[in-house]
Amino acid sequence: MTDAQNVAPAIDGTHATEAQARARVTELAARYAGFATADWYPLPSVLSAVVPRG
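Residues numbered from 1 in each chain as written. Predicted model: local features only at pLDDT ≥ 70, side-chain atom pairs only at ≥ 80, totals over all residues. Heavy atoms only, no water.

Observations regarding unusual backbone geometry
A cis amide bond links alanine 8 to the next residue, proline 9, at an omega of -10 degrees. On the secondary structure map, proline 9 appears in the segment before helix H1 (18–30). Although it is not a glycine, aspartate 3 sits at a positive phi angle of roughly 55 degrees. For aspartate 3, the position within the fold is in the segment before H1. Exposure remark for aspartate 3: the relative accessible area of 42% places this residue in the partly exposed category. A positive phi angle, near 75 degrees, is found at tyrosine 32, a position not held by glycine. Here tyrosine 32 is to be found in the loop between H1 and helix H2 (44–47). (Helix = DSSP H or I, 4+ residues; strand = E, 2+ residues; numbered from the N terminus. Buried < 20%, exposed > 50% of the residue type's maximum accessible area, 1.4 Å probe, protein only.)

Structure, rendered in structure tokens:
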């Protein structure tokens, strides 16, 4: 899913907190997203996270 930060409610596309970004990735994975993209370069641990889908 591209632009993961824009899924309602939107969060900052670059400077989201780690908790916000992790929650968004987890939420999208629960909805069967195969990957999520955002420009969260300050959060390499989130960008490299792998979570189960579904």
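Observations concerning the side chain of glutamine 5
Considering the arrangement of structural elements, one finds glutamine 5 in the segment before H1. With a relative accessible area of 11%, glutamine 5 lands in the buried category. Leaving out residues up to four positions away in the same chain, glutamine 5 has contacts with Ala10, Ile11, Asp12, Gly13, Arg24, Thr37, Ala38 and Trp40. (Contact = heavy atoms within 4.5 Å.)

A short note on the pattern of salt bridges
Pairs can form between side chains of opposite charge whenever their charged atoms are close. Going through the model one piece at a time under the given rule, you end up with three salt bridges. For arginine 22, the salt bridge is made with glutamate 18, and the minimal N-O distance between the two is 3.0 Å. With a gap of four residues between them, arginine 22 and glutamate 18 both fall in helix H1, about one helical turn apart. Taking the relative accessible area as the measure of exposure, arginine 22 reaches 35% and is therefore partly exposed. (Salt bridge = Lys/Arg side-chain N within 4 Å of Asp/Glu carboxyl O.)

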